[in-house]
Amino acid sequence: MSRRKKELADFHRESIIKIAETLFEKNGVESTSMNDIAREAEYSKATLYVYFKNKEEIVNCIILQSMKLLYDRIQASTQTEKDPLARYYSICHELTIYCDTYPLYFQTLIQEINIDINNPDTPPVFQEIFEVGEKINGLLDIFFRDGINQGVFRSDIKIPETVFFFWASLSGIILMASQKKNYIEQFMNTTKQDFLKYSFDTLINSILKENKNV
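Residues numbered from 1 in each chain as written. Predicted model: local features only at pLDDT ≥ 70, side-chain atom pairs only at ≥ 80, totals over all residues. Heavy atoms only, no water.

1. A short note on helix α1 (residues 3-27)
When the terminal C-alpha atoms of α1 are compared, their 36 Å separation across 25 residues agrees well with the 36 Å that a helix rising 1.5 Å per residue should span. Among all positions in α1, only A9, H12, I16, I17, A20, E21, L23 and F24 are buried. Downstream of α1 by one or two residues, G28 has phi in the positive range, about 95°. (Helix = DSSP H or I, 4+ residues; strand = E, 2+ residues; numbered from the N terminus. Expected span 1.5 Å × (residues − 1). Buried < 20%, exposed > 50% of the residue type's maximum accessible area, 1.4 Å probe, protein only.)

Right, dumping it as C-alpha cells:
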C-alpha cells in the first residue's frame, strides 16, 4: 500500500472510530449496530466493512486507544512523585480524572478481553491491547516494588496479585462513585470526593508496613 493510500485509509478508520465512540456513548455499545455507524458516518455499509471486519473490531480499537491514553497518564503520575504514598494518590487522581473525562474509555478498560497471544490468527489489535495492558501492569509493579524497598509497603505482599487487586479495586471504587454520586451524597451524607478519599485511604492501608492512618 502506498503512503498516500495508507494515510487515506487511516483517515477513514479514525473517522469511523470517532463516529462509533459518539454513538456508543449516546446509545450504548450493545444498542449500536454497524448500520447505525455507517449511516451516521455517511458511508455505505459495504464501505464500512472495508475498514473493519465487524463492530467488535471497532470496539477493540477504542479499547486500545483508551489503554494507550491511560498508560501515558499513569506513567506521568508515577514519574512526577518519588514518595510512594504521593505516587499512589497521584495515580488515584489520574484514574478519577480519566473516568470523569472519558467515561466510555474507562468502562471499556474493565471489560474482560479474551486474548490468545499464541494463536497466529489473533488480530493485531488484540496483541497490542495485551502489550499495552502489560506495560500498565509493569508501571504498577515498579510502584509496589519501590514501596517495599523504601520500607513503606509490607515485604510479604505478592506483587502480581497486588497489581491486579489494586487495579480491580480502584477501577471499581471510581466507577461506583461516578455512577452512584447521588446515592453517596443523599444516603451516606458525604461527598463523592470524601468517599473516594476514604476508599483510597482504606485500600492503601491494607499494604502499609505500618498503619499511618493516611
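2. Overview of empty space enclosed by the protein
Under the criterion given, the structure shown has one cavity of 30 Å³ or more. Taken as a whole, the largest cavity spans an internal volume of roughly 70 Å³. Elements represented by at least two residues in the lining of the largest cavity include exactly α5 (84-101), α7 (124-149) and α8 (159-179). Split into classes, the residues belonging to the lining of the largest cavity amount to ten nonpolar, no polar and no charged. (1 Å grid on protein atoms, 1.4 Å probe; cavity = no way out; pocket = protein on both sides within 12 Å on 5 of 7 lines; lining within 4 Å. Points joined across faces, edges and corners; volume = space filled by probe spheres on them. Nonpolar A, V, L, I, M, F, W, Y, C, P; charged D, E, K, R; others polar.)

3. Thoughts on the packing of α7 against α8
Interaxial distance between α7 and α8 falls to 9 Å at its minimum, and their mutual angle equals 115°. Viewed along their axes, α7 and α8 form a crossing whose handedness is right-handed. Mapping the contact onto sequence places N137, L140, D141, F144, R145 and I148 in α7 and I159, T162, V163 and F166 in α8. (Axes fitted to C-alpha atoms, helices over the stretch in contact; angles between N-to-C directions. Left-handed = near helix turned anticlockwise from the far one by under 90°. Contact = heavy atoms within 4.5 Å.)

4. Some details on unusual backbone geometry
Even without being a glycine, E42 presents a positive backbone phi close to 60°. Among the structural elements, E42 can be located in the loop between α2 (34-41) and α3 (45-51). For E42, a relative accessible area of 74% gives the class exposed. Of note in the backbone geometry, N189 takes a positive phi value of approximately 55° without being a glycine. Relative to the helices and strands, N189 resides in the loop between α9 (181-187) and α10 (192-205).

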